[in-house]
Amino acid sequence: MGIFDKIMGGNTLYYPGCMVKFVMKNLQDNYEEILRKSGIDFIKLNDLEACCGSPVLNAGYERDFKTLAKKNLDIFKKHAVKKIITSCPACYKTFNKDYRELIGEEWDVEVEHVTQTIYKALRKGKLKIKNPEKRTKLTYHDPCHLGRHSGIYEEPRKILEKLGYEIVDMKSSKEGALCCGGGGGVRSNFSELSNAITKDLLEEAEDTKTTVLVTTCPMCDACFLQGAKNSKMNVKELSELIIEKLE
Amino acid sequence: MTNLKKTLKSERVKVGKETVIENYNNYLENRKKSQKDVDVDKLKEELKEIKKYSIENLDELKRKTIKNLKEQNIQVFEAKDAKEARKIALKLIPKGKKVVKSKSNVVNEICLERELLKRNEFTETDCGDFIIQITEEKECHPVSPAIHIPLEKITETIKEKFKAKLPNDPAKITHWIRDYIKKKIFEADIGITGANVLSADGGIFILENEGNISLVSRLPKKHIIITSIDKIVPRTEDAVKICKAAAIWGSGVPLPTYINVISSLSRTADVQKNLIWGMYGPEEVSVILIDNGRSEMIKEGFTELLECINCGACLFPCPIYRNILDKYGFHYFGGRGVGMTVFQQGLKEGFKNGLYYCTTCELCKQNCPMDIDIPKVIKELRKRAVKNNLETETNSKMMDNIRTSGNPFGEDVKEGEIPDKLYCC
């Protein structure tokens, strides 16, 4: 994208979201590399960024959510952000649905989940991956914010297939996928309850007889990593599998 | 607040959860099968339309319902809250009379059993409810109230209380209960039931699979129907659609075993065309129609809570419900139960009984025949809680972090470590 296009078309922002930026930092490095290799010209706002407001809205702090939305809108305007690519399903859903609902037409930012971006790059041949040697089986967890809330079920699956994996779906998947236990503030407020829910999902993952559980949400990933200490499943975030296979 | 640690480890939750998970896929398959000849999208759309219209025109439809029922010699009493409903019911039920009851969420809601047990011989006739009654437990699901009671506990209780020795065999237990209850129904003076739907053209619709309701509503001399204003729809045809949906989503069958329709006192005009009321059915039928917070729900814009047809399909997949059963909610369970609690017991009780348990995963919405957006309702009620200074300690800390540093974690995060408090999502 040339400088002229940038001014006319605006900037594409990679928004990792707080979970990735502060807790699952390795994922940020992964996604930045994948996006670069996909030929995406993106900017980062680092410390200038604020929380999208998802946990704030879920917890009922309406006024704070409005303040955050206004703050983000101003930051994005200042940096001519016309498109956001985020690797967090919660941020994706918040920007794509809640901001549109709250702000209305003034919110003219295109929002993409990183799996949509990556799948496009793979399809167009912009992102090159090593030829898969053999098809390994694994299971994929649909994050609630990406699946049921946003209707994105196919892109992550197609990426995994292109990487050479065969997906064995859990008993509850896609529209009926279980919750990881991390949503709605339950992880921080009621950790025992959250752990019990995570365990339910890990048991379904074990029932697939595969050994790898992959997801594409930092919160699900964190819940599974903590829960997997007592499980046979090897927990992966999608970017980790992509990075391994980049050319 | 519920002691979550204790609840999560309890035997009742263990048993209930196992039953739920084991049967869930079966239920889903049956539900799919039962929808074979149904245009599901069309049915759902019609249901939504019926409920929306009914709530918008509730006052008028209520007046019409009452007028039509009264014209057919059915007494109707209105009660604004649980206390008033109890008072009316107790006046209709003289002390010492033998009372049998079928499953009714509204009767649970007004806590009538508690009073009846003090002054009447009282028997639950729904098999699950009877198990709950004799084991002195609490029901945990609107359609399957006793899934958390182990077989051994049922046989032990029957042995202890009724001196009957039974093997731990579901069929043997069920048949013993059937025979015991049938006798009680034949001896009863008064039958109490709920109602699934009321149609303003004068019909009371009560669904069942066991056959107890037909008996409870026909055999005793007096039949009392305790139900709520949100059950009213305009026409008989609308009521039938709701019955159909309740069977599909509630039990995974295309139709319930029986649909009872009551529209008048039993009657005959066979002797010289003289109309005589009270033939083989009860001699007196009364309806107690309760509000108990429902008008407020409508006024405050929470009408979705009243679109529920009580099938319980939202509960089985709910990650929270699976792990704590009836501790999520109060008289009604799950996220919708919490919503009902807020309007019936107050915001504080809603807060204590799970306002912050919902993970907003939307599995409930996905499974609801009415597409009720329970997580949205919960989020709206959380806004209300915050405005009334009802915050969890954790959320209040998260908000401090957000307000001071723009992110929910603040300074708490150590590199390479997943912190205990994952303030996000």
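Since the model is a prediction, treat every value here as computed from it, not as a measurement.

Chemist: Help me understand the overall build of chain B in this model?
Modeler: Helices and strands together make up the secondary structure of chain B, namely 19 helices and 12 strands. By the compact-globule yardstick of 22 Å for 425 residues, chain B fits well, its C-alpha radius of gyration being 23 Å. Buried positions account for 58% of the 425 residues belonging to chain B. Total accessible area on chain B stands at roughly 19,100 Å², and carbon and sulfur atoms take up 49% of it. Of the side-chain charges in chain B, 71 are positive and 62 negative, and the distance between the mean point of each set is 4 Å.

Chemist: What exactly am I supposed to notice about the pairing of strand E2 (residues 81-86) of chain A here?
Modeler: Note on strand geometry: in a regular strand, side chains alternate between the two faces of the sheet. All names here are of chain A. Counting buried positions along E2 gives five out of six residues, so the element sits mostly inside the fold. Here strand E1 (residues 11-15) pairs with E2 via five bridges, running parallel. Bridging from a neighbouring strand, Thr-12 pairs with Lys-83 of E2. Of the pairings in the sheet, the one linking E2 to strand E3 (residues 110-113) comprises four bridges and is parallel in character. Of the residues in E3, the one forming a bridge with Lys-83 is Glu-110.

Chemist: Just to check I follow, could you spell out the packing of aromatic side chains for this structure?
Modeler: Geometrically, a pair of aromatic rings is defined through the distance of the ring centres and the angle of the planes. Residue and element names in this part refer to chain A. Under the criterion given, the structure shown has 21 aromatic pairs over all chains. Here Phe-95 and Trp-107 contribute two aromatic rings whose centre-to-centre distance is 5.9 Å and whose plane-to-plane angle is 25°, an arrangement assigned as stacked. Within this pair, whereas Phe-95 is found in helix H6 (residues 89-103), its partner Trp-107 is found in the loop between H6 and E3, the two being separated by 12 residues in sequence. Take Phe-95: its relative accessible area is 0%, and that puts it in the buried class. Judged by its relative accessible area of 2%, Trp-107 is buried. Among the aromatic side chains, those forming a connected cluster through ring pairs are Tyr-15, Phe-65, Phe-76, Phe-95, Tyr-99 and Trp-107. For the cation-ring pair, Lys-245 lies above Tyr-165, with the distance from its terminal atom to the ring centre recorded as 4.6 Å.

Chemist: I'm lost on helix H8 (residues 127-135) of chain B in this one. Help?
Modeler: One full turn of an α-helix is made of 3.6 residues, so residues set three or four places apart face in the same direction. All names here are of chain B. Counting buried residues along H8, eight of its nine residues qualify, which places the element largely inside the surrounding structure. Within the sequence span of H8, burial applies to Cys-127, Gly-128, Asp-129, Phe-130, Ile-131, Ile-132, Ile-134 and Thr-135. Looking at the packing, one finds that the buried side of H8 touches strand E2 (98-101), strand E3 (121-124), helix H9 (151-162) and helix H10 (170-187). You can read the cap of H8 off the contacts: a side-chain oxygen lies 3.0 Å from the backbone nitrogen of Gly-128, and it is on Asp-126. Just past H8, the residue Glu-136 takes up positive phi, approximately 55°.

Chemist: Explain the environment of Ile-213 of chain B here, please?
Modeler: Residues and elements named next belong to chain B. Along the chain, Ile-213 falls in helix H11 (residues 212-218). A relative accessible area of 5% places Ile-213 in the buried class. Here Ile-213 is in contact with Ser-102, Thr-193, Ile-206, Leu-207, Glu-208 and Asn-260, once residues within four sequence places are set aside.

Chemist: What am I meant to see in a positive patch on the surface here?
Modeler: A surface patch of like charges, here positive, comprises Arg-123, Lys-124, Lys-126, Lys-158 and Lys-162 of chain A. Mapped onto the secondary structure, Lys-158 of chain A falls in helix H8 (residues 154-162).

Chemist: I tried to follow the environment of His-113 of chain A on my own but got confused; where do I start?
Modeler: Residues and elements named next belong to chain A. Looking at the secondary structure, you find His-113 in strand E3. Classification of His-113 by relative accessible area gives buried; the value is 0%. For His-113 and Tyr-14, which are 99 residues apart along the polypeptide, the C-alpha to C-alpha distance reads 10.0 Å. Apart from residues lying up to four places away in sequence, His-113 is in contact with Thr-86, Ser-87, Cys-88, Pro-89, Tyr-92, Leu-146, Ile-152 and Thr-216. Of the polar contacts made by the side chain of His-113, one reaches the side chain of Thr-115; its length is 2.8 Å.

Chemist: Looking at this model, I keep getting lost on the pattern of salt bridges. Mind explaining?
Modeler: Oppositely charged side chains can form a pair if their charged atoms are brought close together. A full pass over the atoms with the stated rule returns 48 salt bridges over all chains. Across the pair Glu-62 of chain A and Lys-383 of chain B runs a salt bridge whose closest N-O atoms are separated by 3.6 Å. Taken as a pair, Glu-62 of chain A in helix H5 (residues 62-78) and Lys-383 of chain B in helix H18 (residues 374-387) lie in two separate chains rather than in one. Here Glu-62 of chain A falls in the partly exposed class, since its relative accessible area comes to 25%. The class for Lys-383 of chain B is buried, based on a relative accessible area of 12%. Lys-82 of chain A is the salt-bridge partner of Asp-108 of chain A, the closest N and O atoms lying 3.1 Å from each other. In this pair, Asp-108 of chain A is assigned in the loop between H6 and E3 and Lys-82 of chain A in strand E2, connecting sequence segments 26 residues apart. Given a relative accessible area of 47%, Asp-108 of chain A falls into the partly exposed group. Connected through shared salt-bridge partners, Glu-62 and Lys-66 of chain A together with Glu-380, Lys-383 and Lys-387 of chain B make up one network.

Chemist: Help me out: how do you make sense of the interface of chain A and chain B in this one?
Modeler: At the junction of the two partners, chain A supplies 50 residues and chain B supplies 48 residues. Here chain A packs against chain B, burying approximately 4,500 Å² in sum over the two surfaces, 63% of which is carbon and sulfur. Interface area lost by chain A to chain B is led by Tyr-61, Ser-188 and Leu-193 of chain A, which between them contribute 14%. For the pair chain A and chain B, the number of links is five salt bridges. As a salt-bridge pair, Lys-17 of chain B and Asp-200 of chain A come within 2.6 Å of each other at their nearest N and O atoms. Residue assignment for the side of chain A that touches chain B shows that the elements contributing at least two residues are helix H2 (18-23), helix H4 (54-58), H5, H6, helix H9 (186-189), helix H10 (191-207) and helix H11 (218-227) of chain A. For the side of chain A that touches chain B, the class distribution of residues is 26 nonpolar, 13 polar and 11 charged.

Chemist: Help me out: how do you make sense of the nonpolar core in this one?
Modeler: Across soluble globular proteins, you tend to see nonpolar side chains buried next to one another. Within the largest apolar cluster, 179 residues are counted, with the highest numbers of intra-cluster contacts made by Phe-76 and Phe-95 of chain A together with Ile-192, Ile-226, Ile-288 and Tyr-321 of chain B. Broken down by element, this core gets its largest block of residues, seven residues, from helix H12 (residues 236-251) of chain B. Apart from residues no more than four positions distant in its own chain, Phe-95 of chain A is found in contact with Tyr-15, Cys-52, Phe-76, Ile-84, Arg-100, Trp-107 and Val-111 of chain A. Ala-200, Ile-204, Ile-229 and Val-285 of chain B belong to the second-largest nonpolar core, a separate cluster that totals 20 residues.

Chemist: Sorry, what's going on with the pairing of strand E4 (residues 136-141) of chain A here?
Modeler: All names here are of chain A. Relative to strand E5 (residues 165-167), E4 runs parallel, the two being bridged by three bridges. In the sheet register, Thr-136 faces E5, and the bridge partner there is Tyr-165. Read as a crossover between parallel neighbours, the route from E4 over H8 to E5 is right-handed.

Conventions used here
- Residues numbered from 1 in each chain as written.
- Chains lettered and ligands numbered in written order.
- Predicted model: local features only at pLDDT ≥ 70, side-chain atom pairs only at ≥ 80, totals over all residues.
- Heavy atoms only, no water.
- Helix = DSSP H or I, 4+ residues; strand = E, 2+ residues; numbered from the N terminus.
- Rg over C-alpha atoms; globule rule 2.2 N^0.38 Å.
- Buried < 20%, exposed > 50% of the residue type's maximum accessible area, 1.4 Å probe, protein only.
- Areas by Shrake-Rupley, 256 points an atom, 1.4 Å probe, with all protein chains shown as cover.
- Lys, Arg positive; Asp, Glu negative; His and termini not counted.
- Charge placed at Lys NZ, Arg CZ, Asp CG, Glu CD.
- Pairing = 2+ DSSP bridges.
- Phe/Tyr/Trp six-rings, centres within 6.5 Å; stacked < 30°, edge-to-face > 60°.
- Lys NZ or Arg CZ within 6 Å of the ring centre and 35° of its normal.
- Contact = heavy atoms within 4.5 Å.
- Polar contact = N/O pair within 3.5 Å; in protein donor to acceptor, adjacent residues only side chain to side chain.
- Patch = residues over 30% accessible without salt bridge, like charges linked within 9 Å, V, L, I, M, F, W, Y side chains within 5 Å.
- Salt bridge = Lys/Arg side-chain N within 4 Å of Asp/Glu carboxyl O.
- Buried area = accessible area lost by both parts, 1.4 Å probe.
- Nonpolar A, V, L, I, M, F, W, Y, C, P; charged D, E, K, R; others polar.
- Core = buried A, V, L, I, M, F, W, Y, C linked by side-chain atoms within 4.5 Å.
- Right-handed = clockwise from strand over helix to strand, strands pointing away.

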